[in-house]
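# Secondary and tertiary structure notes
If you want the building blocks of each chain, they are given just below.
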Number of protein chains: 2
Amino acid sequence: MAETGKRATARAHSNIAFVKYWGNRDRRLRLPANSSISMNLSSLHTTTTVEWRDQFTQDNLTINGSAAAEGARRRVQNHLDALRARFEIDAFARVDSQNNFPMGTGIASSASAFAALTLAAVSALGVQIPEHEMSRLARLGSGSAARSIPAGFVEWHAGDSHEASFAESFAAARHWDLVDVIAIVSREHKRVGSSAGHETAASSIFQSARTATAPERIRSAKSAILRRDFERFASVVEQDSNLMHAVMMTSAPPLFYWAPLSLRIMQAVRRWRQEEGLEVCYTLDAGPNVHCICRAGAADAVANRLRGLSQGLAIASSPVGPGAYILPAV
Amino acid sequence: MAETGKRATARAHSNIAFVKYWGNRDRRLRLPANSSISMNLSSLHTTTTVEWRDQFTQDNLTINGSAAAEGARRRVQNHLDALRARFEIDAFARVDSQNNFPMGTGIASSASAFAALTLAAVSALGVQIPEHEMSRLARLGSGSAARSIPAGFVEWHAGDSHEASFAESFAAARHWDLVDVIAIVSREHKRVGSSAGHETAASSIFQSARTATAPERIRSAKSAILRRDFERFASVVEQDSNLMHAVMMTSAPPLFYWAPLSLRIMQAVRRWRQEEGLEVCYTLDAGPNVHCICRAGAADAVANRLRGLSQGLAIASSPVGPGAYILPAV
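Residues numbered from 1 in each chain as written. Chains lettered and ligands numbered in written order. Predicted model: local features only at pLDDT ≥ 70, side-chain atom pairs only at ≥ 80, totals over all residues. Heavy atoms only, no water.

### A closer look at the overall build of chain A
Helix and strand content of chain A: nine helices and 14 strands. Relative to a compact globule of 330 residues, whose C-alpha radius of gyration would be 20 Å, chain A shows 19 Å and is just as compact. With the C-alpha coordinates of chain A rotated into their principal frame, the extents come out at 65 × 40 × 35 Å. Taking contacts inside chain A between residues at least 6 apart in sequence as the whole, the part at least 24 apart equals 76%. In chain A, 36 side chains carry a positive charge and 30 a negative one; their mean positions are 3 Å apart. (Helix = DSSP H or I, 4+ residues; strand = E, 2+ residues; numbered from the N terminus. Rg over C-alpha atoms; globule rule 2.2 N^0.38 Å. Contact = heavy atoms within 4.5 Å. Lys, Arg positive; Asp, Glu negative; His and termini not counted. Charge placed at Lys NZ, Arg CZ, Asp CG, Glu CD.)

Written out as structure tokens, the structure reads:
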């Protein structure tokens, strides 16, 4: 039985997938339909403090200083239940979570949130577990959170069991100076969140071909990253994003995450690369924001061009980030 | 040997597919990868006069009063070659073709053009052939032209041979008062025309699932049309359009025919139907124009709403049309 009565603060970074996670083979365990590849985003993070105390009579959750909404509270409670079961404790927890970026816009807030929560909660118990195990536990809260535990460039092995499904780093953050220049097309909350969306994936007649060919794209994307081959990287990243959105648009009911401006940006990015030689490619998660991936030296040019497409467009920008880590006690 | 030295004028109508044709199983014979369903468009037509004359030393083609461009001329010559072979003649032809709508905007001008050309050319020879045979011959010029030969609501049986691949009517034009309200998003020429596009279809990992499930959608669309069940019709029509565009977007190279405004209109149409009960659905061919299909009584409301989305938007509108027919000599 683990020790309680302690607290810990952890930070985890958002991540952007280059080969996407969409659909689960096991919903309860969040075992994904296919392996995925991502990089952590240094500038976008969640900082979470967890305190376990035997005297607490219930779990308590604040997000960005306010009591959390019912849906978020229940999801965090479920995750704490999983951790209580794993570490054989009964105590409730006080959880305080701060995002430095807007939630529900397609920037994966649940990834950094559940990675930070898991690391803080486990650390507060005073137990040491391997990174693979931390990634597995984070996965139970939000699939893509598994990828926010290891550092830099990360592969999440789909696996066919809880034990086999975890993420690990395959290249350090410093390996390649990629930047994610994010066009914030909308700050509105998604009509259909990722968790609900994953459930519809299998209703598309295209999902099985997407998942069956994911291993090839994983190999190709990893190889492009390891060789720093931008042209090959761009081709597989855009293809994989298109494949996922094609599945979404052909699900029942169809999910259209692209906004008209998203499409305009995608087409411009492709043109900039293919006709003007600017090394940049796009990828979109389950939301309208367009993640424009480029080398550090091109980030300003990409941001300026994006602003030229749409006046007043908000832009967030992030280099490759570290894995989740513990912050000193405050 | 057929008689030459005669002329004939034929008119054929454009058609809009509800279950789409995309990709060929035999490129030369234009045997399609899957069967398709369409309705003819009464307001959009091509009128073509063909004159065969032994004295002509070459084929001659004018489109809308001007000498045709090289690409169009060669395609028409190839089609005339096929007709010469079929009817065992050597004569060249003078062809004059008039469209009453802009070409290359995703309104299928090649469908009406090759249907009218085929009917006029055969009629000018003074021979009588069954409608199935006329449809087969039109198919050799442009796949979807096969569908502009029969009247009203039409099914093109994919077939696995020249003999087996033809279109026939399954409901008369008067059966259901559908109208195609077309948002003319762009008058620009397509960067990648349909013929070149068909060649790329097999490069999408999704094409085989699309074609394998087409027979279900054919059954469902035919049944919805025969029962005049708009809700079911809308669902299969939008799904099939999404499936085709998903294949296009995931081909190598990816083909994006949607403009940002196309996407905006698609999303609005869906909202009008699902949230406001307006009976309208969308479908897009290999171009950015959005075909909004509704009952005749809703056509004005649909056109007004479309104009409300985008000031100055050009709109073409058409009820269900007849098959190809011969015009009196002028």
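### Structural notes on the relation of the copies chain B and chain A
Rotating chain B by 180° and moving it 0.0 Å along the rotation axis overlays it on chain A with an RMSD of 0.0 Å. Here the symmetry operator amounts to a two-fold rotation axis. Rotation axis and chain B: the residue whose C-alpha lies nearest the axis is Pro260 of chain B, separated from it by 2.1 Å. (Least-squares fit on C-alpha atoms with pLDDT ≥ 70 in both.)

### What to know about the environment of Ala120 of chain B
Residue and element names in this part refer to chain B. Residue position: Ala120 is located in helix α2 (residues 109–124). Taking the relative accessible area as the measure of exposure, Ala120 reaches 0% and is therefore buried. For Ala120 and Thr47, which are 73 residues apart along the polypeptide, the C-alpha to C-alpha distance reads 9.1 Å. (Buried < 20%, exposed > 50% of the residue type's maximum accessible area, 1.4 Å probe, protein only.)

### Considering the pairing of strand β1 (residues 7–19) of chain A
All names here are of chain A. In terms of residue burial, β1 counts as a mostly covered element, since eleven of its 13 residues are buried. In terms of strand pairing, β1 meets strand β4 (residues 36–53) through twelve bridges, oriented antiparallel. Residue pairing for β4: His13 is matched across the bridge by His45. Sheet topology note: the β1/strand β14 (residues 325–327) ladder contains three bridges and is antiparallel. Across the sheet, the residue bridging to Arg11 is Tyr325, located in β14. (Pairing = 2+ DSSP bridges.)

### Concerning the sheet that holds strand β13 (residues 314–319) of chain B
Hydrogen bonds along the backbone pair up the strands of a sheet, which may run parallel or antiparallel. Residue and element names in this part refer to chain B. Pairing within the open sheet is antiparallel, and its four strands lie in the order β11-β12-β10-β13. This sheet does not close on itself; its edge strands, each paired only once, are β11 (280–283) and β13. The mean angle between the axes of side-by-side strands here comes to 25°, regardless of whether they run parallel or antiparallel. In this fold helix α7 (residues 260–276) packs onto β10 (178–184), β11 and β12 (290–295), with an angle of close to 155° to the strand it touches most, β11. Across the sheet, helix α8 (residues 299–309) lies against β10, β11, β12 and β13, angled at about 15° from β10, the strand it touches most. (Axes fitted to C-alpha atoms, helices over the stretch in contact; angles between N-to-C directions.)

### Details of the environment of Ser110 of chain B
Residues and elements named next belong to chain B. For Ser110, the position within the fold is in helix α2. In this structure Ser110 comes out as partly exposed when scored by relative accessible area, which is 22%. For the pair formed by Ser110 and Thr49, sequence separation is 61 residues and the distance between their alpha carbons is 16 Å.

### Side note on the interface of chain B and chain A
Every contact between the two is made by 26 residues of chain B and, on the other side, 26 residues of chain A. Where chain B abuts chain A, roughly 2200 Å² becomes buried across the two surfaces, and 73% of that area is made up of carbon and sulfur atoms. For the pair chain B and chain A, the interface holds zero salt bridges. Where chain B touches chain A, the interface holds four residue pairs in polar contact (both at pLDDT 80 or more). Those elements that provide at least two residues to the side of chain B that touches chain A are α5 (207–227), α6 (230–249) and α7 of chain B. Counting residues per element, the side of chain B that touches chain A draws most heavily on α7 of chain B, which supplies seven residues. When its residues are assigned to classes, the side of chain B that touches chain A shows 16 nonpolar, four polar and six charged. (Buried area = accessible area lost by both parts, 1.4 Å probe. Salt bridge = Lys/Arg side-chain N within 4 Å of Asp/Glu carboxyl O. Polar contact = N/O pair within 3.5 Å; in protein donor to acceptor, adjacent residues only side chain to side chain. Nonpolar A, V, L, I, M, F, W, Y, C, P; charged D, E, K, R; others polar.)

### A short note on the packing of α2 of chain B against helix α3 (residues 131–141) of chain B
Residue and element names in this part refer to chain B. One way to put it is that α2 packs onto α3 with a least axis distance of 8 Å and a crossing angle of 125°. Taken together, α2 and α3 sit at an angle that is classed as oblique. The two elements α2 and α3 cross, and the hand of that crossing is right-handed. Contacts between α2 and α3 involve Phe114, Ala115, Thr118, Leu119 and Val122 from the former and Met134, Leu137, Ala138 and Gly141 from the latter. (Parallel < 35°, antiparallel > 145°, perpendicular 65-115°, else oblique. Left-handed = near helix turned anticlockwise from the far one by under 90°.)

### Points about the confidence of the model for chain A
Considering every residue of chain A, the mean pLDDT works out to 94; 95% of them sit at 70 or more. Scored by ipTM, the complex comes to 0.90, with pTM at 0.93. (pLDDT = per-residue confidence, 0-100.)

### Remarks on the nonpolar core
Judged by nonpolar contacts, the single largest core of 58 residues is most densely connected at Trp258 and Ile265 of chain A together with Trp258 and Ile265 of chain B. Discounting chain neighbours no more than four positions away, the residues touching Trp258 of chain A are Asn242, His245, Met249, Leu263, Met266 and Leu284 of chain A together with Met249, Phe256, Trp258, Leu263 and Gln267 of chain B. Residues Ile89, Ala116, Ala124 and Met134 of chain B belong to the second largest nonpolar core, which totals 33 residues. (Core = buried A, V, L, I, M, F, W, Y, C linked by side-chain atoms within 4.5 Å.)

### Regarding the pattern of salt bridges
One pass over the structure, following the stated rule, counts 36 salt bridges over all chains. For the salt bridge of Asp81 of chain A with Arg84 of chain A, the shortest nitrogen-to-oxygen distance reads 2.8 Å. Taken together, the residues Asp81 of chain A and Arg84 of chain A, both in helix α1 (residues 70–87) and three residues apart, mark about one turn of the helix. The exposure class of Asp81 of chain A is partly exposed, given its relative accessible area of 39%. One salt bridge connects Arg73 of chain B with Glu70 of chain B, and the closest N-O pair in it is separated by 2.8 Å. Of the two residues, Arg73 of chain B and Glu70 of chain B are both situated in helix α1 (residues 70–87); the distance of three residues between them amounts to about one turn of the helix. Residue Glu70 of chain B is classed as partly exposed on the basis of its relative accessible area of 38%. Residues joined by salt bridges that share partners form a network here, namely Arg86, Glu133, Arg136 and Glu163 of chain A.

### Looking at the packing of aromatic side chains
Residue and element names in this part refer to chain A. Under the criterion given, the structure shown has 17 aromatic pairs over all chains. Between Tyr21 and Trp156 the ring centres are 4.8 Å apart and the planes differ by 70°, which places this aromatic pair in the edge-to-face class. In this pair, Tyr21 sits in the loop between β1 and β2 (24–26) while Trp156 sits in strand β8 (residues 153–157), placing the two residues 135 residues apart along the sequence. Residues Tyr21 and Trp156 agree in their burial class; the two are buried. Residues Trp22 and Tyr257 carry aromatic rings whose centres are separated by 6.3 Å and whose planes lie at 85° to one another, so their mutual orientation is edge-to-face. Of this pair, Trp22 sits in the loop between β1 and β2 while Tyr257 is found in the loop between α7 (230–249) and α8 (260–276), placing the two residues 235 residues apart along the sequence. Through a chain of ring-to-ring contacts, three or more aromatic side chains come together here, namely Phe18, Trp176, Phe230 and Phe233. (Phe/Tyr/Trp six-rings, centres within 6.5 Å; stacked < 30°, edge-to-face > 60°.)

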